[in-house]
Amino acid sequence: MSFETLLYAIADGVGTITLNRPDALNATNDTLYRELSGLIGDIAGDRSVGAVVLTGAGRGFCAGADVKSMNPDAKLLDRRARHRWILRDILQPLIALEKPVIAAVNGPAVGAGFNIALACDIVIASEKAVFSQIFTRLALVPDLGGLYLLTRVVGLNKAKELCFTAKKVTAEEGRELGFVNHVVPHDELMPRAQKLAAEIAAGPPTSLAMIKTLLNKSSTSSLEQMLEYESFAQTIAYTTPEHKEGVAAFREKRQPNFRGAE
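Because the structure is a prediction, the values reported are computed rather than measured. (Residues numbered from 1 in each chain as written. Predicted model: local features only at pLDDT ≥ 70, side-chain atom pairs only at ≥ 80, totals over all residues. Heavy atoms only, no water.)

A. Fine view of the sheet that holds strand β7 (residues 130-132). Read from one edge to the other, the open sheet built from 3 strands follows the order β5-β7-β8, with strand pairing classed as mixed. Of all the strands in the sheet, just β5 (108-110) and β8 (168-170) have a single pairing partner and so form its edges. For this sheet, the mean angle separating the axes of adjacent strands, direction not counted, is 20°. As judged from the 3 bridges shared by β5 and β7, these two strands associate in the parallel manner. Directly across from Val110, in β7, lies its bridge partner Ser132. (Pairing = 2+ DSSP bridges. Helix = DSSP H or I, 4+ residues; strand = E, 2+ residues; numbered from the N terminus. Axes fitted to C-alpha atoms, helices over the stretch in contact; angles between N-to-C directions.)

Structure below.
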């Protein structure tokens, strides 16, 4: 695939997306959003991809929206339509993608970049990574789902502090707050992210898809609803070729080949 603002490669069942505007610290613009929207849709339908790594080229993960590309004369309804397009066609599909997504944060993840990382399932951060909900510096409101996602990993009061102050958070502070899973030496970031993604990609695709979908529902569902979802999902899981392969592998004392199960 050829892109203007992205790089994409597949290896060992892992699709690696690289935001590729390094001279702008991978700040987002409409071209990047359009290309990312199309690529997420392609990945969703690609059975050869079992997990995804999302990272940035150069010294940054994503510096948020490209201020240089902003149109100060845009009408309010046009701005609202654009934001709805970004949320509907990029953010929601990324969160709903039925394949685990690992954010490999190699540097600054600021504004929308911070929230793109939060939209992923696992965050691995380089020791050089830094995060900020920078929006109040520009008299804006956190976007790309930040108001929803941040509170669910750090709690309401801490989310308010991060959004009110636009303070910078180191990778280690992010781990302590709970939105970073692992902090690693900078040179080990991509090997660690790729290794974890490959391990996940070797897992059973149907159960991984259901687990991700139901975990995403858990924070807004009641216990009764989650138990009902669980009963349906487990009933389906028992009927899959992957389950049969898992049982056979267990009995034969070998590693299961879930990706080859039909």
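B. Layout of the packing of helix α4 (residues 146-154) against helix α5 (residues 156-165). The N-to-C vectors of α4 and α5 enclose an angle of 125°; their axes lie 7 Å apart at closest approach. If you check the angle between α4 and α5, you find them oblique. Judged by the twist between their axes, the crossing of α4 over α5 is right-handed. Judged by residue contacts, Leu150, Thr151 and Val154 of α4 engage Leu156, Lys158, Ala159, Leu162 and Cys163 from α5. (Parallel < 35°, antiparallel > 145°, perpendicular 65-115°, else oblique. Left-handed = near helix turned anticlockwise from the far one by under 90°. Contact = heavy atoms within 4.5 Å.)

C. The arrangement of a nonpolar patch on the surface in detail. A cluster of nonpolar side chains, namely Val67, Met70, Leu138 and Leu140, defines an oily patch on the protein surface of about 350 Å² accessible area. If you trace the backbone, Leu140 turns up in the loop between β7 and α4. Since its relative accessible area comes to 42%, Leu140 is described here as partly exposed. (Patch = residues over 30% accessible without salt bridge, like charges linked within 9 Å, V, L, I, M, F, W, Y side chains within 5 Å. Areas by Shrake-Rupley, 256 points an atom, 1.4 Å probe, with all protein chains shown as cover. Salt bridge = Lys/Arg side-chain N within 4 Å of Asp/Glu carboxyl O. Buried < 20%, exposed > 50% of the residue type's maximum accessible area, 1.4 Å probe, protein only.)

D. Representation of the sheet that holds strand β3 (residues 51-56) in the model. Taken together, 6 strands build an open sheet; the order of strands is β1-β2-β3-β4-β6-β9 and the sheet is mixed. Strands at the two margins of the open sheet, each flanked by one partner only, are β1 (6-11) and β9 (182-184). Neighbour to neighbour, the strand axes of the sheet diverge by 20° on average, direction disregarded. Of the strand pairs in this sheet, β3 and strand β4 (residues 101-105) are connected by 4 bridges, and their pairing is parallel. In the sheet register, Val52 faces β4, and the bridge partner there is Val101.

All quantities given are derived from atomic positions and should not be read as evidence of function.
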